[in-house]
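Reading the structure
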Amino acid sequence: MLLVSPWAKVNFVDHQVTDQTSVLRFIEDNWALDRIGDSSFDEKAGSLLNLFSFREGPRAKRLFLDPSTGEPMDSGDSD
């Protein structure tokens, strides 16, 4: 799984096994929701919380791509 987020840990590789239901589990864990239940796999899925660092705030700079070439453009930000 490749995680792209301004809150993602920088240069971090997590070796925990995850699958598609890990995304559902992340939503349930992050927003303190109950598990779906009825033998759903979200209860057994690996957590994605270890991939994020919410305490430090977003670290990524904005990246704007040229729509015709896909090349990075100068965003004009001083970050």
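Here the structure is shown first, and the text comes after it.
A few points on the structure. (Residues numbered from 1 in each chain as written. Predicted model: local features only at pLDDT ≥ 70, side-chain atom pairs only at ≥ 80, totals over all residues. Heavy atoms only, no water.)

1. Considering the overall build of the protein
Within the protein, the secondary structure is distributed over one helix and two strands. Ordered by position in the sequence, the α and β elements of the protein form the string α-β-β. In terms of overall size, the protein is more extended than a compact globule, its C-alpha atoms giving a radius of gyration of 16 Å where 79 residues would be expected to give roughly 12 Å. With the C-alpha coordinates aligned to their principal axes, the bounding extent of the protein is approximately 50 × 30 × 25 Å. Counting the 79 residues in the protein, one finds 18% classified as buried. Contacts in the protein between residues at least 24 apart in sequence constitute 49% of all its contacts with a sequence separation of at least 6. Here the protein contributes 8 positive and 14 negative side-chain charges, whose respective centroids are spaced 6 Å apart. (Helix = DSSP H or I, 4+ residues; strand = E, 2+ residues; numbered from the N terminus. Rg over C-alpha atoms; globule rule 2.2 N^0.38 Å. Buried < 20%, exposed > 50% of the residue type's maximum accessible area, 1.4 Å probe, protein only. Contact = heavy atoms within 4.5 Å. Lys, Arg positive; Asp, Glu negative; His and termini not counted. Charge placed at Lys NZ, Arg CZ, Asp CG, Glu CD.)

2. Considering a nonpolar patch on the surface
A cluster of nonpolar side chains, contributed by Met1, Val23, Ile27, Trp31 and Leu33, occupies part of the molecular surface with about 530 Å² of accessible area. Relative to the assigned elements, Leu33 resides in the loop between α1 (20-30) and β1 (64-65). (Patch = residues over 30% accessible without salt bridge, like charges linked within 9 Å, V, L, I, M, F, W, Y side chains within 5 Å. Areas by Shrake-Rupley, 256 points an atom, 1.4 Å probe, with all protein chains shown as cover. Salt bridge = Lys/Arg side-chain N within 4 Å of Asp/Glu carboxyl O.)

3. A short note on the environment of Phe12
With respect to the helices and strands, Phe12 occurs in the segment before α1. With a relative accessible area of 34%, Phe12 lands in the partly exposed category. For Phe12 and Asp29, which are 17 residues apart along the polypeptide, the C-alpha to C-alpha distance reads 21 Å. Setting aside residues up to four positions removed in sequence, Phe12 forms contacts with Asn50 and Leu51.

4. Some words on the environment of Gln16
Relative to the elements of secondary structure, Gln16 occurs in the segment before α1. Judged by its relative accessible area of 36%, Gln16 falls in the partly exposed class. Through-space distance from the C-alpha of Gln16 to that of Gly46 is 6.7 Å; in sequence the pair is 30 residues apart. Setting aside residues no more than four positions away along its own chain, Gln16 makes contact with Gly46 and Ser47.

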